[in-house]
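Commentary on secondary and tertiary structure
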Amino acid sequence: MTMTATTPTQRFRLSGALPALTGIGTLVAFFVLMEVFIRSGGLNRFIVPPPSEIIASFPRIIVEEQVLHRFVLTLTECLTAGVMLTVFGVSGGVLMHRFKLLQQACETWIAALASAPVVLCYPLFLVIFGRNAWTIIMMGFVSALPPVILKTLEGISGTRKVLVNVGRSFNLTPTQQFWKILFPAALPTIFVGIRLGLIFALINVVGVEFLINFGGLGQLINELAERYDLAGTYAAICFVVLVSVMFFMILEKAERWLTRAE
Amino acid sequence: MTSTPHNPANTDILVVDDVVVRFETQEGPVIAVDHVSFGVRQGEFLSVIGPSGCGKSTLFNVIGGLIGHTSGVVSVGGETINSPHQSIGMVFREESTFPWRSVTDNVAFPLELIGMPKAQRIERARHFISLVGLDGFENRYPNELSGGMRQRVSLARTLASEPKILLMDEPFAALDEQTRLLLGDKVLQIQQQLKQTTLLITHNITEAVQMSDRILVMTYRPGKVKRIVDIDLPRPRTSEIVGSEAFGRYVAQIWADLREEASRGMRDEEEHALHHVSTT
Ligand SMILES: Nc1ncnc2c1ncn2[C@@H]1O[C@H](COP(=O)(O)OP(=O)(O)O)[C@@H](O)[C@H]1O
Ligand SMILES: [Mg+2]
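Predicted model only: the values in this text are computed from it and were never measured.

**Here's the deal with the interface of chain B and chain A**
Counting residues at the interface gives 26 residues for chain B, matched by 23 residues for chain A. Taking both partners together, chain B and chain A bury about 2,200 Å²; carbon and sulfur atoms supply 59% of that area. Between chain B and chain A we count 1 salt bridge in total. The residue E112 of chain B makes a salt bridge to K180 of chain A at a minimum N-O spacing of 2.7 Å. In this assembly, chain B and chain A are joined by 4 residue pairs in polar contact (both at pLDDT 80 or more). Listing elements by their share of the side of chain B that touches chain A, those giving two or more residues are α3 (109–113) and α5 (147–160) of chain B.

**A few points about the packing of helix α6 (residues 100–114) of chain A against helix α8 (residues 133–157) of chain A**
Residue and element names in this part refer to chain A. Orientation of α6 relative to α8, taken along the N-to-C sense of each, is 135 degrees, at an axis distance of 9 Å. By the criterion of interaxial angle, the relationship of α6 to α8 is oblique. Along this stretch, α6 crosses α8, giving a crossing that reads as left-handed. Of α8, the residues touching α6 (which contributes Q103, E107, I110, A111, L113 and A114) are P146, I149, L150 and L153. Considering only residue class, the contact of α6 with α8 consists of 8 nonpolar, 1 polar and 1 charged.

**Focus on the site of ligand 1**
Residues and elements named next belong to chain B. Taken together, the residues surrounding ligand 1 are F23, T25, A32, P51, S52, G53, C54, G55, K56, S57, T58 and R221. Here an oxygen atom of ligand 1 sits 3.3 Å away from a polar atom, N or O, in the main chain of C54. Within the backbone of G55, one N or O atom sits 3.1 Å away from an oxygen atom of ligand 1. For ligand 1, the protein covers 63% of the area, taking 560 Å² as the surface of the free molecule. Put simply, the parts of the chain that give the shell around ligand 1 at least two residues each are β1 (12–25) and α1 (56–63). Take the shell around ligand 1: its biggest share by element is 3 residues, from α1.

**Quick look at the packing of aromatic side chains**
Evaluated as defined, the whole model comprises 12 aromatic pairs over all chains. Note on F178 of chain A and F183 of chain A: the rings are 5.8 Å apart at their centroids and 40 degrees apart in plane angle, and the pair reads as tilted. In terms of burial, F178 of chain A and F183 of chain A fall into one category: buried. Pairwise contacts between aromatic rings join F170 of chain A together with F98, W100 and F109 of chain B into one cluster. Above the plane of the ring of F99 of chain A lies R98 of chain A, whose end atom (NZ or CZ) is 5.0 Å from the centre. Stacked on the ring of F98 of chain B, the Lys or Arg R157 of chain B has its end atom at 4.6 Å from the ring centre.

**Focus: the pattern of salt bridges**
Inspection of the entire model under this criterion finds 24 salt bridges over all chains. For the salt bridge of E65 of chain A with R227 of chain A, the shortest nitrogen-to-oxygen distance reads 3.1 Å. Of this pair, E65 of chain A sits in the loop between α4 (58–64) and α5 (67–98) while R227 of chain A is found in the loop between α11 (217–226) and α12 (230–259), placing the two residues 162 residues apart along the sequence. The class for R227 of chain A is partly exposed, based on a relative accessible area of 46%. In this structure, E260 of chain B engages K226 of chain B in a salt bridge whose closest nitrogen and oxygen atoms are separated by 3.3 Å.

**Topic: the sheet that holds strand β4 (residues 71–76) of chain B**
Residues and elements named next belong to chain B. Strand order in the open sheet formed by 4 strands is β2-β1-β4-β5, and the pairing between neighbours is antiparallel. Each end of this open sheet is capped by a strand with a single partner; those strands are β2 (28–41) and β5 (79–80). Summarising the sheet, β1 and β2 pair through 10 bridges and their orientation is antiparallel. Looking at the pairing, V15 lines up with G39 of β2.

**A word on the sheet that holds strand β7 (residues 165–169) of chain B**
Residue and element names in this part refer to chain B. With respect to topology, 6 strands assemble into an open sheet ordered β6-β7-β8-β3-β9-β10, the strand pairing being mixed. Strands at the two margins of the open sheet, each flanked by one partner only, are β6 (88–91) and β10 (225–230). Strand-to-strand twist across the sheet, computed as the mean angle between neighbouring axes with direction ignored, equals 15 degrees. As defined by bridge partners, strand β9 (residues 214–218) adjoins β10 across 5 bridges and the pair is classed as antiparallel. Residue V217 lies in a different strand from β10, and its bridge partner there is R227. Along the sheet face, α1 touches β3 (45–49), β6, β7, β8 (197–202) and β9 and points at about 150 degrees away from the line of β7.

**Some points on the pairing of β9 of chain B**
Residues and elements named next belong to chain B. Extensive coverage of β9 is indicated by the burial of 5 of its 5 residues. Judged by which residues are buried, β9 turns out to be covered on both faces: R214, L216 and M218 on one side and I215 and V217 on the other are all buried. As paired strands, β3 and β9 are joined by 4 bridges and run parallel to one another. The residue of β9 that forms the bridge with I49 is V217. Taken together, β9 and the strand that follows it, β10, pair antiparallel across an intervening segment of 6 residues, in which R221 is found at a positive phi of about 40 degrees.

Conventions and cut-offs
- Residues numbered from 1 in each chain as written.
- Chains lettered and ligands numbered in written order.
- Predicted model: local features only at pLDDT ≥ 70, side-chain atom pairs only at ≥ 80, totals over all residues.
- Heavy atoms only, no water.
- Contact = heavy atoms within 4.5 Å.
- Buried area = accessible area lost by both parts, 1.4 Å probe.
- Salt bridge = Lys/Arg side-chain N within 4 Å of Asp/Glu carboxyl O.
- Polar contact = N/O pair within 3.5 Å; in protein donor to acceptor, adjacent residues only side chain to side chain.
- Helix = DSSP H or I, 4+ residues; strand = E, 2+ residues; numbered from the N terminus.
- Axes fitted to C-alpha atoms, helices over the stretch in contact; angles between N-to-C directions.
- Parallel < 35°, antiparallel > 145°, perpendicular 65-115°, else oblique.
- Left-handed = near helix turned anticlockwise from the far one by under 90°.
- Nonpolar A, V, L, I, M, F, W, Y, C, P; charged D, E, K, R; others polar.
- Near = heavy atom within 4 Å.
- Areas by Shrake-Rupley, 256 points an atom, 1.4 Å probe, with all protein chains shown as cover.
- Phe/Tyr/Trp six-rings, centres within 6.5 Å; stacked < 30°, edge-to-face > 60°.
- Buried < 20%, exposed > 50% of the residue type's maximum accessible area, 1.4 Å probe, protein only.
- Lys NZ or Arg CZ within 6 Å of the ring centre and 35° of its normal.
- Pairing = 2+ DSSP bridges.

Set out below in structure tokens:
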């Protein structure tokens, strides 16, 4: 759902590409400043490489380190975790709303789990799934599940009473009540949960790749850092950022499609 | 100016017979509706008026089948009501449009439920959108509309289910006075056009006199029927009638009744607040 009241900033945005240019300009200015700062010796260039070196290392990591292949690998792992997250997280929240006992029994410890560093359990996952992509996917999935479940539950339980009463006054069956009122009313909150979940998933996927030295971008970052190829390390981190950007673009499309369909 | 007896006649389409609603609260039982009886005639516009807290919304929820009652009978066309009934269409006081649906899809909601084909229900929805004067807003979403317009969408949505009785709980309470008067005109016009039996719950005397054939005045705690007043003003009416002398007389009469109840309500609330202060 988008607000369509035109605020002054929106009119500004509509009037041209100025904000986008300002954004890019700020970024460029930051890089130029860093460049100057590092070259003038303000920062040790063997700890923080100047931006120009990072940019120069792109061709190298693309050709020699197969960064594109790794990028696809990490993106696939994240997407798989994201899909599982959506399916199981949303169903989990729905079930907890449906069965109050389940909610009373689980809500507190799921909330506690949300802030726990589940990533420390990675040895357990290694034992269960082996040293392969599933360990990474499951790790991302499990650590990101709590916010999706909790936000789904919050969204459904927070449906305004009067909307529920409208449904009742039209004699909806429980199934209709869910699909026609509770679920659409909760959708914006559910998307907040999925957004949070995806952030958790991405962090954990890359983190576990790094930790177990296996798979996509995380492993590459590990290797490059060990070789002390810092320019390459930062270049690889740029691809992680790219994964996250693509992720949220997909999600935004999905959200727009879902909340304004029909 | 005459007062009719409260006993429901058997020509009434909606009958509320000796209904009691008691809530069990932590501070003991609260009797929100106390032995209330009245009937609504086919095609008539009846308002229920009373100070806030007198049990109007409770009555609304009971007639709509949303909450149960302790004793008594509510029936529509001879059928006893214990759960929401398709003959009764409810319009709520709070904003109740579906923000994820366009105006057309909001209004077409009850038609969708009965499985009407899409093309047909869009056409039907258009009809009701036009009836409430929202032509041109079919594809807008509720967040693009004003409060008054959204309330009209809710009204159109309820009308689209073609209820025998339109039941409204302070539908204009959140609107400013001018919008309220103009919307009142709109409702009156629609009511006359559809010969829609209407039960309006309100705390606004002007609104009640402007629209009603009869007004039921409720007492404050316990909520009983104090009086039922016939409003013999000519129809069709518009908000212009508000300036007339006869209108003024009705307002004065109902205010005299209501004043007593409202001041009792105020005193009660003050005492309640004092009690709370002294015990905490
Ligand atoms: N669910 C409830 N539980 C307990 N008390 C209630 C409940 N609903 C309403 N009441 C009480 O019943 C009385 C009538 O409330 P209500 O019907 O909302 O009045 P009105 O709509 O006329 O302002 C009030 O004193 C209110 O506190
Ligand atoms: Mg009320």
